[in-house]
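The residues making up each chain are set out below.
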Amino acid sequence: MLDKLQSLADRYEKLSELLCDPNVASDTAKLREYSKEQSDLQPAFEAFTEYRTVMEELDAAKVMQSEKLDDEMREMVKMEIDELSSRHDELESQIRLLLLPKDPNDDKNVIIEIRGAAGGDEAALFAADLFRMYTRYADTQGWKVDLMDVNSNDLGGFKEVIFSINGRGAYSKMKYESGAHRVQRIPTTESGGRIHTSTSTVAVLPEAEEFEIEIHDKDIRVDTFCSSGAGGQSVNTTKSAVRVTHIPTGIVATCQDGKSQNKNKDQALKVLRTRISDMMRQEEEAKYAGERKTKVGTGDRSERIRTYNFPQSRVTDHRIGLTVHKLDQIMNGEIEDIIAALSIAEQAEMMDKGE
């Protein structure tokens, strides 16, 4: 571990030199690349710097303890050794976590797609509930939400809703939400008071940058049409809605939330790039399908990850066996505790595997 930390510290200091180089300062791409790399290394570098200091002080205290001391001084040295030993262990645990492989997408914005699945209108209503839950959570994180496309039903539910969340570290937290979400409750449309079970699926995709996925004009077809509301009713008379088709892959992206056709096209292209990137990622992962994946955050959209039981005010995350009895707060966006528990579980599994 010490060799790895020393190599990291050397790289951090080298990056400091490079960022002071006039040639780098005049190259926007390199400046951004080196600045981000140093920013990513900084927590581990600072922890290692303190770790070295603590080790030096601990060694010095142990040498002093071996000398002839009066009782008062010996007690003071012992207290110092106990404090330094405790801090040494804390820093070592912290550093082990910081050295775990980091998902390169963690700092990215996300595009989220929620769809009503099994359950008809009730599934669509629950999809709308999930959308509200995530937008309220985003507010608590200081993130910005942009609605891109929505297909509503007559009851105010969402057959499908696509939106982006923009903010540092959005993917690092939201990635755990991909999968099938199950709801158990009495639907508003149920006259007999029976509990129904429905599902909605959530796909969380790291937003692809323009430089990552290049889309040529010759490879896309752009169609425009009038935006529509629930039941297909037209909500405006101008062709501001945009549908972009990527001809080589057949992937389609639509945006109709904005009133500007150009803005809708830009948003549709953003979704298109992200979906193409996701397709490429899935193809790459399929090559290594024989390797064991972590149980947490696999991103499998068919996997049932969580159940929301309204009669019992209970939410259960099936991946880590976590059950909490505060459904109202969670539906109001208070999901940080669940996300934190998933993150800790993933880190623990990675450490057990020796990654």
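Scoring rules and cut-offs
Residues numbered from 1 in each chain as written. Predicted model: local features only at pLDDT ≥ 70, side-chain atom pairs only at ≥ 80, totals over all residues. Heavy atoms only, no water. Pairing = 2+ DSSP bridges. Helix = DSSP H or I, 4+ residues; strand = E, 2+ residues; numbered from the N terminus. Axes fitted to C-alpha atoms, helices over the stretch in contact; angles between N-to-C directions. Expected span 1.5 Å × (residues − 1). Buried < 20%, exposed > 50% of the residue type's maximum accessible area, 1.4 Å probe, protein only. Phe/Tyr/Trp six-rings, centres within 6.5 Å; stacked < 30°, edge-to-face > 60°. Lys NZ or Arg CZ within 6 Å of the ring centre and 35° of its normal. pLDDT = per-residue confidence, 0-100. Contact = heavy atoms within 4.5 Å. Salt bridge = Lys/Arg side-chain N within 4 Å of Asp/Glu carboxyl O.

The next thing to look at is the sheet that holds strand S7 (residues 241-246). Here three strands make up an open sheet; going across it, the order is S6-S7-S8 and the pairing antiparallel. The open sheet is flanked by strand S6 (220-225) and strand S8 (251-255), the only strands paired with a single partner. Between one strand axis and the next, the sheet turns through 15° on average, direction left out of account. Examined bridge by bridge, S7 and S8 share five bridges and lie antiparallel to one another. When the bridges of S8 are listed, arginine 243 appears paired with threonine 254.

Phi at serine 313 takes a positive value of approximately 50°, unusual for a residue other than glycine. Among the secondary structure elements, serine 313 is positioned in the loop between strand S9 (304-309) and strand S10 (314-317).

Moving on, we get to helix H5 (residues 121-141). Between its terminal C-alpha atoms H5 stretches 31 Å, which fits the 30 Å expected from 21 residues at 1.5 Å a residue. Taken across its 21 residues, H5 has 15 buried, putting it largely inside the fold. A positive backbone phi angle near 75° is found at glycine 142, which sits one or two residues after H5.

Right, let's talk about the packing of aromatic side chains for a bit. Under the defined criterion, the tally for this structure stands at five aromatic pairs. Note on phenylalanine 131 and phenylalanine 163: the rings are 4.9 Å apart at their centroids and 80° apart in plane angle, and the pair reads as edge-to-face. Of this pair, phenylalanine 131 sits in helix H5 while phenylalanine 163 sits in strand S3 (residues 158-166); the two residues are 32 residues apart in sequence, bridging distant segments of the chain. An identical accessibility class is assigned to phenylalanine 131 and phenylalanine 163; each is buried. Aromatic rings pair up to connect Phe131, Phe158 and Phe163 into one cluster. For arginine 185, the ring lying beneath its charged end belongs to phenylalanine 310, and the centroid distance is 4.8 Å.

For the chain, the average pLDDT comes to 84, and 88% of its residues sit at 70 or higher. Scored below 50 in pLDDT, residues 230-235 makes 13 contacts in the model with residues more than four places away or belonging to other chains. The low-confidence segment residues 290-295, where pLDDT is below 50, has 11 contacts with residues more than four positions distant or belonging to other chains.

With respect to topology, eight strands assemble into an open sheet ordered S2-S3-S1-S5-S4-S9-S10-S11, the strand pairing being mixed. Looking at which strands have only one partner, the edges of the open sheet turn out to be strand S2 (144-152) and strand S11 (322-324). For this sheet the average axis-to-axis angle between neighbouring strands, irrespective of direction, equals 15°. Across six bridges, the pairing between strand S1 (residues 110-116) and S3 is antiparallel. Bridge pairing in S3 places arginine 115 opposite glutamate 160.

All told, the structure shown has 23 salt bridges when counted by the stated rule. Salt-bridge contacts for lysine 14 lead to glutamate 17; the nearest nitrogen and oxygen are separated by 4.0 Å. With lysine 14 and glutamate 17 both in helix H1 (residues 2-19) and three residues apart, this pair spans about one turn of that helix. Look at glutamate 17 and you get exposed, because its relative accessible area is 53%. A salt bridge links arginine 115 to glutamate 160; the nearest nitrogen and oxygen atoms lie 2.7 Å apart. A residue pair is termed long-range when its members are at least 10 positions apart, and arginine 115 in strand S1 and glutamate 160 in strand S3 qualify at 45 residues. Residue glutamate 160 is classed as partly exposed on the basis of its relative accessible area of 22%. Taken together, the shared-partner salt bridges in this structure form one network comprising Lys36, Asp40, Asp107 and Arg168.

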